[in-house]
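# Breakdown of the fold
Next come the chains, spelled out residue by residue.
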Amino acid sequence: MKIPIEKQIKQYYEKDFSNFASNLLIRIKVTHIAVIFLLIINAAFFTSESTSIIVQLIIAILIGIHDYDDNNLKKALTKNTLQAIKLNKVATKDHLTQIPNRRYFFNMGEKAFQLAIRDKTECTVLFIDLDHFKKVNDQLGHDVGDDVLKMVAGALESAIRISDILARLGGEEFAILLPNTDLSGANTLSESIRKLVEKTPYNHQGNEIFITVSIGVAKRDKSDLSLKDTLKRADLALYQAKYSGRNRTMTEAEIHSVNKAS
Ligand SMILES: Nc1nc2c(ncn2[C@@H]2O[C@H](COP(=O)(O)OP(=O)(O)OP(=O)(O)O)[C@@H](O)[C@H]2O)c(=O)[nH]1
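The sections below set out a description of the structure shown in this document. (Residues numbered from 1 in each chain as written. Predicted model: local features only at pLDDT ≥ 70, side-chain atom pairs only at ≥ 80, totals over all residues. Heavy atoms only, no water.)

### Describing the nonpolar core
This is how the line gets drawn: Take the buried residues of types Ala, Val, Leu, Ile, Met, Phe, Trp, Tyr and Cys, join any two whose side-chain atoms come within 4.5 Å, and each joined set is a nonpolar core. Relative accessibility thresholds used throughout: buried, under 20% of the residue-type maximum; exposed, over 50%; partly exposed, between the two (1.4 Å probe, protein chains only). Comment: elements are numbered from the N terminus, with helices defined as DSSP H or I runs of at least four residues and strands as E runs of at least two. It only takes one pair of heavy atoms within 4.5 Å for two residues to be counted as in contact.
Counting residues in hydrophobic clusters, the biggest one holds 30 residues, and the most contacted among them are Leu126, Leu130, Val148 and Phe174. Where this core is concerned, the elements lending two or more residues are strand S1 (123-130), helix H8 (133-140), helix H9 (142-159), strand S3 (173-179), helix H10 (183-199) and strand S6 (213-219). Here this core gets seven residues from one element, more than from any other, and that element is H9. Not counting chain neighbours up to four residues away, the residues in contact with leucine 126 comprise Phe174, Ala175, Ile176, Leu178, Ala186, Leu189, Ser190, Ile193, Ile215, Gly216 and Val217. Formed by 18 residues, the second largest nonpolar core is a distinct cluster that contains Leu177, Leu227, Leu231 and Leu238.

This is the structure we're talking about:
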């Protein structure tokens, strides 16, 4: 019987918990005490943002020195813990495009989303769908379709910031969560992605195949309780983008103005 991957990871952690805990204890050395000390000082005395950044930089350097002294972080981790990390990576990566998958999006994305609610910061979602992708499959074959998906995933990856959360949700659908980004910023990124895909042809046996994407954009609303709520509105905006002719970005604000006008 095949054990689901998440169960395997859980089992690894349960089986190896004592090992994992002792590794953690080994790593509590003088530098960590210094880090904790600095953290307390940081929290107790410094309120200005610049001071906080400086203290955090010092902490990062100390942690870096500590890990360097350890020679290799991997040495501090057991074989099983490393295997668990590897399994976790497999479980959160899309096998075809090698970008994060749906599970990762809803896991990490939800965390970022809840953080945005707590900090009352803006956060937006892009829902991206390839246009007429069925034709690519039907006319050129599934393997070419797969290559096109990889190419688009690469383009999306190249366009975003490290703090953005990109994933292939399934089929020819992708999503990106943009923390600390308002609707206008998300619209700008969306358009640059759309144009990048549009002007990057896929080379098939010497012939250039041009692909386009439609993108729906929505921002976190005060009433949204989870990422799924915002994503749902991005999906509605995407539907409008398709309906209005494809190869375009549609923000939820534009849908409202379209609805009002009609
Ligand atoms: N090659 C390949 N095709 C896939 C994969 N996943 C889904 N598809 C195909 O994606 C196509 C999606 O077709 P539709 O949902 O009709 O969408 P579309 O043709 O892009 O049309 P619009 O979205 O309306 O522009 C189907 O032909 C699926 O078989 C995959 O992993 N690889």
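Alright, that's what it looks like, and here's the rest.
### Quick word on the sheet that holds S6
To keep it simple, the criterion reads: DSSP-based pairing: two strands are paired if at least 2 bridges between them are found. Interaxial angle, 0 to 180 degrees, is taken between N-to-C directions of lines fitted to C-alpha atoms, where a helix line uses only the stretch in contact.
Spatially, S2-S3-S1-S6-S7 is the arrangement adopted by the five strands of the open sheet, whose pairing is mixed. The sheet is open, and its two edges are formed by strand S2 (165-170) and strand S7 (249-251), each paired on a single side. On average, each strand axis in the sheet is tilted by 20° relative to the strand beside it, whichever way the strands run. In the sheet, S2 pairs with S3 via five bridges, with the strands oriented antiparallel. By the bridge assignment for S3, isoleucine 165 is matched with leucine 177. Sheet contacts for helix H11 (residues 227-243): S1, S2, S3, S6 and S7; angle to S6, the most-contacted strand, approximately 140°.

By themselves, these are just geometric observations and shouldn't be taken as functional.
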